[in-house]
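Remarks on the overall topology
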Amino acid sequence: MTASNQVKLKPGDTIGILGGGQLGRMLAMAAARLGLRCQVFSPDPDSPAFDVVLNATCAEYADVEALELFANDVDVITYEFENVPAASAMILAARRPVLPDRKILETTQDRLAEKDFVTRLGIGTADYADISSVAALRDAIARIGLPAVLKTRRFGYDGKGQAIIRSGDDPDLVWENLATRSAILEAFIPFEREISVVAARSADGQVECFDVTENEHSDHILKISRAPAAISDVLAAQARGIAERIAHALNYVGVLAVEMFVVQGDDGPKVLVNEIAPRVHNSGHWTLDGASISQFEQHVRAIAGWPLGKPVRHGPVTMTNLIGDDINDYERWLTVPGATLHLYGKGPARPGRKMGHVTQVASPKTP
């Protein structure tokens, strides 16, 4: 048994969180309700998570001294975003348990490594190819066909670092505009719907999945999530089973989300894995008000070595992201019965910036 599997926090202990965005903020708030303290490490002095913790470290991830001091102040370390530099995670892991394990980042930070990992498990994905030159791109297009999506292998989110290639487009120009030497080409999936499964796994191997969530995006950014997804029980069980297999294969501790496409197969609908997010996830925000336990508390329990909760959904739930100027209409939501408003305490609204969200829980008897 590794040191990370022996984590057993007690009330009053401290969790270190890498990243100071809204996910870190909500993790810290969930931990506080359980009597656990949090310290946030973020290079951004305006991090909204700083507002809800007593101690914060504002320093660059490359600042070795700051990382060491941070590690000395906490009992276990987790992260709210997956693009933590590998060197930073290594420095921290030498001093304190880092959960989920930093080695998982090596898989999930790289889209090609992630696709290879999922494929090795025998789980379906879109056809894909490793792209390191325009010649490789042309060869992959000939094999995979168009339309297709060219993505940077690393550091892409909310539609950043990717481009759709359609018939008639110039591959040379698309390659030049993406400005990378390391990419992956994926076949464009004519999906029926996008879904996700948020799952938690404890160090002893217990896995608890939240209900399958159906997601709608606007300009590549999640806009609306609904739970449960409008899919059959058989397909929902398949999706949850895939998330559980991935969690076990990674020896994961904490909450992760698996994004999937529902597509029509020869024998009816099936799911293909799109991406793995090794952290709490935007599509799980509905759990804050719509379930007996939130994804944030579940993550805290898992990394603290505490028993996981059994998620019970309170009814049909809708989560709406407040993006950019949507925040200016926040007062309207305060008058909507059954709606709960969550504002993240961020600075000025900008296009594409997630400023908050609203959850609406309907009666379980509502059709």
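What you see as residue numbers is a count from 1 along each chain, following the sequence as written. Only residues with pLDDT of 70 or above have their local features reported here, since the model is predicted, and side-chain atom pairs are shown and tallied only from 80 upward, although totals for entire chains, interfaces and linings are computed over all residues. Values reported for side chains reflect all heavy atoms of the structure, with hydrogen atoms and water molecules removed beforehand.

Helix and strand labels come from DSSP, where a helix needs a run of H or I of at least four residues and a strand needs a run of E of at least two; each type is numbered from the N terminus. With respect to the helices and strands, the residue Ser47 is situated in the loop between β2 (37-42) and β3 (55-58). Only protein chains enter the accessibility calculation, which uses a 1.4 Å probe; a residue whose area is less than 20% of its type maximum is buried, one above 50% is exposed, and one in between is partly exposed. On the basis of relative accessible area, Ser47 is assigned to the buried category, the value being 3%. Contacts described as polar in this section are N or O atom pairs within 3.5 Å, which, within protein, must combine one atom able to donate a hydrogen with one able to accept it, while residues neighboring in sequence count only if both atoms come from side chains. There is a polar contact of 2.7 Å between the side chain of Ser47 and the side chain of Ser42. Contact criterion: two residues are considered in contact whenever any of their non-hydrogen atoms come within 4.5 Å of each other. Once residues within four sequence positions are removed from consideration, Ser47 is found in contact with Gly20 and Ser42.

Within the secondary structure, Val40 is located in strand β2. Expressed as a C-alpha distance, the spacing of Val40 and Val52, which sit 12 residues apart in the sequence, is 9.5 Å. Not counting residues up to four positions away in its chain, the partners in contact with Val40 are Ile17, Gly19, Gly20, Ala49, Phe50, Val53, Asn55, Ala56, Thr57 and Phe70.

Our focus in this paragraph is the nonpolar core. If you look at the biggest cluster of nonpolar residues, it comprises 42 residues, and the most contacted ones within it are Leu9, Ile15 and Leu36. Put simply, the parts of the chain that give this core at least two residues each are β1 (14-18), α1 (22-33), β2, β9 (193-201), β12 (221-227), β13 (254-265), α10 (295-304) and β15 (317-323). When residues of this core are assigned to their parent elements, the largest contribution, 6 residues, is made by α1. Residues grouped as a nonpolar core are buried Ala, Val, Leu, Ile, Met, Phe, Trp, Tyr and Cys residues, joined through side-chain atoms within 4.5 Å. Core analysis: the second largest hydrophobic core is formed by 28 residues, Val118, Ala236, Val258 and Ile276 among them.

Once that is clear, we can look at the confidence of the model for the chain. Known as pLDDT, the predictor's confidence for each residue is given on a scale from 0 to 100. Taken over all residues, the pLDDT of the chain has a mean of 95, while the share at 70 or more is 97%. Across residues 1-5, confidence stays below pLDDT 50; counting only partners more than four residues off in sequence or on other chains, it has 6 contacts.

For the rest of this paragraph, the subject is the pattern of salt bridges. Whenever Lys or Arg places a side-chain nitrogen within 4 Å of a carboxyl oxygen from Asp or Glu, that contact is recorded as a salt bridge. The final tally for this structure, using the stated rule, is 19 salt bridges. Between Arg153 and Asp110 there is a salt bridge; the shortest N-O distance is 2.6 Å. Taken together, the residues span a long stretch of sequence, with Arg153 in the loop between β6 (148-152) and β7 (162-165) and Asp110 in the loop between α4 (102-108) and α5 (111-120) at a distance of 43 residues. Classification of Arg153 by relative accessible area gives buried; the value is 18%. Among the charged side chains, a network of salt bridges with common partners joins Arg111, Lys115, Lys151, Glu186 and Glu275.

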